[in-house]
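The chain contents come next:
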Amino acid sequence: MKKQSKLKVLLRMVNLVRPLTGFMLLAVLMGTLGFLCAQFIPILGGFAVLHGLKIEIPFSVTAVWVMLIVIAVLRAVLKYGEQRTNHYIAFTLLAIIRDKVFKALRRLCPAKLEGRDKGDLISLITSDVELLEVFYAHTVSPICIAFIVELVMVIFIASYHWSLGLLALFAFLSVGVVLPLIISKRSGTLGDELRADNGELAGYMLESIRGLDETVQYGGGKQRLAELTEKTLKLSEKQSKLNKLTGSNLALANTFILFFDITMLVLCTVLYSQNVIGFDGFLIPMIALMSSFGPVTALSALGTTLQSTVASGSR
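Residues numbered from 1 in each chain as written. Predicted model: local features only at pLDDT ≥ 70, side-chain atom pairs only at ≥ 80, totals over all residues. Heavy atoms only, no water.

**Brief notes about the side chain of Ser 291**
Locating Ser 291 in the fold gives a position in the loop between helix 10 (279-290) and helix 11 (294-301). A polar contact of 3.0 Å, which involves the side chain of Ser 291, links it to the backbone oxygen of Ile 287. A polar contact is formed between the side chain of Ser 291 and the backbone oxygen of Ala 288, at a distance of 3.2 Å. Ignoring sequence-local partners within four residues, the contact set of Ser 291 consists of Gln 39, Pro 42 and Ile 43. (Helix = DSSP H or I, 4+ residues; strand = E, 2+ residues; numbered from the N terminus. Polar contact = N/O pair within 3.5 Å; in protein donor to acceptor, adjacent residues only side chain to side chain. Contact = heavy atoms within 4.5 Å.)

**Focus: the nonpolar core**
Counting residues in each nonpolar core, the largest one holds 46 residues, and the members touching the most others are Ile 43, Phe 47, Met 153, Ile 157, Met 264, Leu 289 and Phe 293. Residue assignment for this core shows that the elements contributing at least two residues are helix 2 (21-52), helix 3 (61-108), helix 5 (140-158), helix 6 (162-187), helix 9 (221-273) and helix 10. Take this core: its biggest share by element is 10 residues, from helix 2. Here Ile 157 is in contact with Leu 164, Gly 165, Ala 168, Met 264, Pro 285, Ala 288 and Leu 289, once residues within four sequence places are set aside. Residues Val 17, Leu 20, Met 24 and Leu 93 belong to the second largest nonpolar core, which totals 6 residues. (Core = buried A, V, L, I, M, F, W, Y, C linked by side-chain atoms within 4.5 Å. Buried < 20%, exposed > 50% of the residue type's maximum accessible area, 1.4 Å probe, protein only.)

**Brief notes about the confidence of the model for the protein chain**
On average, the protein chain scores 79 in pLDDT, and the residues at 70 or more come to 77%. Every residue in residues 310-314 scores below 50 in pLDDT, and together they form 16 contacts with partners more than four places removed in sequence or on other chains. (pLDDT = per-residue confidence, 0-100.)

**Describing the environment of Leu 44**
Mapped onto the elements of the fold, Leu 44 is located in helix 2. As for Leu 44 and Val 61, which are separated by 17 residues in sequence, their C-alpha atoms are 9.5 Å apart. Those residues in contact with Leu 44 that sit more than four places away from it in its chain are Phe 59, Val 64, Met 67, Leu 68 and Ile 71.

As structure tokens, then:
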């Protein structure tokens, strides 16, 4: 089978969402509002601090406390709604994909199971389809949500000074676009290798079960067990490597975030010392940036996992 590019595979996978476009838009709407609620909780806390310092704020302190309570409740409701909708989309699509897979297998079996790629078929039926849940439930709508939320936050931060908004834009692009590309490059072909080893193990297990009588007859049980253990350990090592890579990628993402938080602190300090912004322009943009990395950090964390997802989707 001809190898398809990752972009082509992703576009084909996204195309399957078309019948559920309404639910996807609903998930994006609830996710966007939910993240904005979460991010404005500390921002409203910052306004309360300003009021305590006798600095004028756009609304009364009573309104601040009322808004805090309202958006805290809304955050919980919207988060649940977004997750519920995303998983409804994911599991509905998994049912559709399974239907397509089994229809194709009914045309190919049983002769197809005699071929060399029977292990890949077993992996396709089991782990591959389940892995696609990560893509449909935790990738498609979060990308749209991150774009909208961070655009709103850039505009909000820029309302205090254009340079602060520009720094926020650069920070979000770095963490949400540049960092995932770095993670994808670091991951290399690990996802493909893990998928191939999984298929090889499934094929070996199928051969062992079908040849169980011969194995017992000729006393090859110990050899089979040793080979099965070797293949299992090989797969386990690849999975362990993937887990370590995921941890290091998370550390890299946190380093990026810490760098931009410190940079924002320095820039706000400079502007405040030059009387370009007031203390509200010093405090609120800092809080806004530090509380706004959630959507783009989620995309960075998915970078390594998507390597395996794309490998599965290409099947």
